[in-house]
Amino acid sequence: MRWTFPWGTLFANLGACLLLGLFVEAGTGGALDASGQALLSTGFCGALSTWSTFSYELLTLAGGRKSAEAAGYLLVSVVLGLTASFAGAGVARVLW
């Protein structure tokens, strides 16, 4: 079986990270109350992100002796996810 890069999972997780940064910063900045921040951050972003799929794909790659691909997928996901979170927080600071 040939592995293809899991673009769908990556983009869903990056979108969730972007929104998470936005919602957390909006709550910190006073644009959202604590319950709204919790609902959107934990509820919506948690439902949107696909941690279990990401984990499964990563374990499948590592178990299939594709450690370079697994490491690349992990690195890209973490670095771009953190970048998206900080970008979302930056957008929220500008808006609120």
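Predicted model, so just to flag it, every value in this text is computed and none were measured.

(A) Inspection of the pattern of salt bridges at higher detail. Applying the stated criterion across every chain, the model contains 1 salt bridge. As a salt-bridge pair, arginine 93 and glutamate 25 come within 3.5 Å of each other at their nearest N and O atoms. A residue pair is termed long-range when its members are at least 10 positions apart, and arginine 93 in helix α4 (residues 67–95) and glutamate 25 in helix α1 (residues 7–28) qualify at 68 residues. Residue arginine 93 is classed as partly exposed on the basis of its relative accessible area of 49%.

(B) The nonpolar core, seen in detail. Formed by Phe54, Leu58, Leu61, Ala70 and Tyr73, the largest nonpolar core amounts to 5 residues. Counting only elements with at least two residues in this core, the list comes to α3 (51–63) and α4. A total of 3 residues in this core trace back to one element, the largest contributor, which is α3. Excluding residues that lie within four positions of it along the chain, alanine 70 makes contacts with Leu58, Leu61 and Ala62.

(C) Quick peek at α1. Taking 1.5 Å of rise per residue, 22 residues should cover 32 Å, and α1 covers 31 Å from first to last C-alpha, within 8% of that figure. Elements that come into contact with the buried residues of α1 comprise α2 (34–48), α3 and α4. Two residues or fewer past α1, glycine 30 is found with a positive phi of approximately 95°.

(D) Quick look at the environment of threonine 4. With respect to the helices and strands, the residue threonine 4 is situated in the segment before α1. You can call threonine 4 exposed: its relative accessible area is 56%. Through-space distance from the C-alpha of threonine 4 to that of leucine 95 is 38 Å; in sequence the pair is 91 residues apart.

(E) Summary view of the packing of α3 against α4. Their axes nearest at 7 Å, the elements α3 and α4 cross at an angle of 155°. With respect to each other, α3 and α4 are oriented roughly antiparallel. Classified by chirality, the crossing of α4 by α3 is left-handed. Of the residues in α4, those in contact with Phe54, Glu57, Leu58, Leu61 and Ala62 of α3 are Ser67, Glu69, Ala70, Tyr73, Leu74 and Ser77.

So, how was this worked out
Residues numbered from 1 in each chain as written. Predicted model: local features only at pLDDT ≥ 70, side-chain atom pairs only at ≥ 80, totals over all residues. Heavy atoms only, no water. Salt bridge = Lys/Arg side-chain N within 4 Å of Asp/Glu carboxyl O. Helix = DSSP H or I, 4+ residues; strand = E, 2+ residues; numbered from the N terminus. Buried < 20%, exposed > 50% of the residue type's maximum accessible area, 1.4 Å probe, protein only. Core = buried A, V, L, I, M, F, W, Y, C linked by side-chain atoms within 4.5 Å. Contact = heavy atoms within 4.5 Å. Expected span 1.5 Å × (residues − 1). Axes fitted to C-alpha atoms, helices over the stretch in contact; angles between N-to-C directions. Parallel < 35°, antiparallel > 145°, perpendicular 65-115°, else oblique. Left-handed = near helix turned anticlockwise from the far one by under 90°.

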